[in-house]
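Letter by letter, the chains look like this.
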Amino acid sequence: MPAPTKKGSVPPKNMYQGVPPPPYGNPQTAKGNQQQQQQQQQPPPPAPPATGGNPPPHDGKHAHHQHAPPPPQHVDPSREKAKGDTDSYYLPKYHPPAPAPGVEIDEDMLEDHVSFLRTVAAFHHYRSQSVAAWEMRKANFLKLQSQHKNVLCIDLDAMFKLYDECICRNSAFFESVCEASLELFMSYWPDGTTIARADIPPPTALDMDKVFSTLRQFVRDWSAEGLPERECVYKPVLDFFEKMYPTRDARSAVKILIPGAGLCRLSVELAYRGFFAQANEFSYHMLIAGHYIQNHCFESKQHVIYPYCDNTCNLVNRLDQFAEVAIPDLCAAEALDDLRDQQLEFGELSMVAGDFTEVYAKEHQQRSWNAVATVFFIDTAHNIIEYLQIIYDLLVPGGYWVNCGPLLYHFADSAEDMSIELSLGELISVAQKIGFAVCCPPSFIDTTYTNNQRSMKQLVYRCAFFVLQRPLDDAAPAVAAATA
Ligand SMILES: C[S@@+](CC[C@H](N)C(=O)[O-])C[C@H]1O[C@@H](n2cnc3c(N)ncnc32)[C@H](O)[C@@H]1O
């Protein structure tokens, strides 16, 4: 298991070869500004399927565009050549649009927006980065002496053509994701961004790594291929809530918070079962990708992606590299129709962007949640005791904390970051001292995370599943939140 990548550091060369580590903490994140991203109680209005997007030409001549962010939507068609620019790259004239009436723009909002645009740029950059790797790999094969070439059992032209097609299709998919993401900041800037293009930093190596792992995250949360992983970790959580709240009609009053929700499958499944579910996420990669899959997919299997095409290690068969995965296996609109046919109500689903420790430590959040469900999340903490205290404070007396995951502390190897690493036993003891009662003691579930089932590299986590409860008779006054 490679060590978790430090904030802003360059990941090891083979970062997205084989099975990557869970994409923990992200410097490219939504900051304190909590932004209600989507509220889905009613079926989304019918809309045409997303276009495939226009992938840029793939001729290898565009390497100098590698760090250029995508042209903003409001680009002025009259384009002027940038001063001192010696190649053929043109910058658009920049006319910042005004913010929405009544919206006061502060520094945090601008900073958030820059981070967001940098993430969008990283998704656009998928193609050039993948093509660069493609070219390097092809060149290496071509360097072989004829004596070695002769014994190769690979049709190199056919293989690299297929590889190239997979990159093209992934890139077209990401273009659709990017296109849809522009609406996420529309409440601030209905006419487009107020950020000058030159102010958007180029995507870092870590930003790019997260783009590649987002493909795997789509597989985990939104494909039939991801079902075994979801059955291992989401199903026990769903089973618990279904058992505790057997009457479906009463579930809309049961508020469940899902911090570190990733691409939101667990929160959607909870709302599908009638609960009031709120997802929280701070990574723009996840927010942008999750927004697309939930709000811009109108039929199941709308897209085919090639999540493993950029990996050439640990292949059993060459075709494993080009395995296709259809997403989503469950489409929100179809699921709603399905419920309607059964005369059942969808619960409530919302997403709050922001750091869990900032958004949910606020005083008004205390004692307002019936349950908190964490899957592969608690080890993202700098200080896990703080997470435990926040979760406790969020719960109403009698409320549950349901957890499933390992303790792969994200900041454990970082010299710059604080990291408190407790064992599972210590964690449960600390939780009890905070006030939790043990409702279901830890049991262990072996599972993978964004795994490629075909690969010769398989990383299995022994996840702890447990349920703790804030006692019903906890009459202690709510603790004043430090950040309230
Ligand atoms: C390992 S992933 C798990 C995602 C999802 N729960 C799953 O099981 O697929 C952890 C997620 O937590 C998010 N995260 C980490 N720290 C966070 C924080 N302080 N606030 C909100 N989200 C956070 C990361 O962006 C990442 O998507």
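Conventions adopted
The numbers attached to residues start from 1 for each chain and follow its sequence in the written order. With pLDDT at 70 or above as the cut-off, local features in this predicted model cover only qualifying residues; side-chain atom pairs require 80 or more to be listed or tallied, and sums for whole chains, interfaces and linings still use all residues. UniProt positions are given in the numbering used here, feature names are shortened, and annotations may be inferred rather than shown by experiment. What counts as a helix is a DSSP run of H or I of at least four residues, what counts as a strand is a run of E of at least two, and both are numbered from the N terminus. Every C-beta atom is placed from the backbone, and the number of other C-beta atoms within 10 Å of a residue's own sets its class: buried at 20 or more, exposed at 12 or fewer, partly exposed in between. C-beta atoms are placed from the backbone for every residue, and two residues are taken to be in contact when these atoms lie within 7 Å. In this scheme, strands are said to pair when DSSP sees at least two bridges between them. Crossovers are described as right-handed under a simple rule: with the strands pointing away from the observer, the path leading from the first strand over the helix to the second runs clockwise. Axes here refer to lines fitted to C-alpha atoms; in helices the fit is confined to the stretch in contact. Angles between the N-to-C directions go from 0 to 180 degrees. Handedness of a crossing is defined here by the sense of rotation of the near helix relative to the far one, left-handed for an anticlockwise turn of less than a right angle and right-handed for a clockwise turn. Note on residue categories: nonpolar means Ala, Val, Leu, Ile, Met, Phe, Trp, Tyr, Cys or Pro, charged means Asp, Glu, Lys or Arg, and polar means any other residue, Gly included. For this entry, the nonpolar core is defined as buried Ala, Val, Leu, Ile, Met, Phe, Trp, Tyr and Cys residues connected by C-beta atoms within 7 Å.

Going by an unreviewed UniProt entry, the chain carries the name carnosine N-methyltransferase and comes from Strigomonas culicis. Of the comments in the UniProt record for the chain, the one headed Sequence similarities (unreviewed entry) reads "Belongs to the carnosine N-methyltransferase family."

**A word on the overall build of the chain**
Each helix and strand counted, the chain has 13 helices and twelve strands in total. The burial tally for the chain puts 39% of its 484 residues in the buried class. Sequence-distant contacts, at least 24 apart, represent 81% of the contacts inside the chain between residues at least 6 apart.

**Remarks on the pairing of strand β10 (residues 395–405)**
Burial analysis of β10 places eight of its eleven residues in the buried class, which makes it a mostly covered element. In this sheet, β10 lies alongside strand β9 (residues 369–375) in parallel orientation, the contact comprising six bridges. The residue bridging Val 372 from the neighbouring strand is Trp 401, located in β10. With helix α12 (residues 384–394) bridging β9 and the parallel β10, this β-α-β connection has right-handed handedness. Of the pairings in the sheet, the one linking β10 to strand β12 (residues 461–469) comprises six bridges and is antiparallel in character. If you follow Tyr 400 over to β12, its bridge partner there is Gln 469.

**Topic: helix α7 (residues 265–272)**
The element α7 is extensively covered by neighbouring structure, given that eight of its eight residues are classed as buried. Those residues of α7 that sit buried are Arg 265, Leu 266, Ser 267, Val 268, Glu 269, Leu 270, Ala 271 and Tyr 272. The positive-phi residue at the C-terminal boundary of α7 is Gly 274, with phi of around 100 degrees.

**Brief notes about the packing of helix α6 (residues 227–244) against α7**
It is the contact of α6 with α7, at a shortest axis distance of 11 Å, that shows an interaxial angle of 35 degrees. Here α6 and α7 pass one another in a crossing that is right-handed. Here Arg 230, Tyr 234, Val 237, Leu 238 and Phe 241 of α6 lie close against α7, whose contacting residues are Arg 265, Leu 266, Glu 269 and Leu 270. Its residues placed into classes, the contact of α6 with α7 shows six nonpolar, no polar and three charged.

**Notes on the environment of Gly 398**
By secondary structure assignment, the location of Gly 398 is in strand β10. Along the backbone, Gly 398 and Phe 436 are 38 residues apart, and their C-alpha atoms lie at a distance of 9.8 Å. Not counting the four nearest positions on each side in its chain, Gly 398 is found in contact with Gln 469, Arg 470 and Leu 472.

**Comments concerning the nonpolar core**
In globular proteins that are soluble, nonpolar side chains generally tend to be buried together. Counting 101 residues, the largest nonpolar core has Phe 218, Ile 256, Ala 277, Val 372, Ala 373, Val 375 and Ile 391 as the members making the most contacts within it. With sequence-adjacent residues up to four places away left out, Val 372 is seen in contact with Leu 257, Pro 259, Ile 391, Leu 394, Leu 395 and Trp 401.

**A few points about unusual backbone geometry**
Cis rather than trans, the peptide bond between Ile 327 and Pro 328 has omega equal to -10 degrees. Relative to the helices and strands, Pro 328 resides in the loop between β7 (325–327) and α10 (332–341). In the Ramachandran plot, Asn 314 falls in the positive-phi region, its phi being about 60 degrees despite a non-glycine side chain. Tracing the backbone shows Asn 314 in the loop between β6 (303–305) and α9 (318–321). In this structure Asn 314 comes out as partly exposed when scored by C-beta crowding, with 16 C-beta atoms within 10 Å. Despite not being glycine, Gln 343 has its phi angle at roughly 55 degrees, a positive value. Classification of Gln 343 as exposed rests on a count of 6 C-beta atoms within 10 Å.

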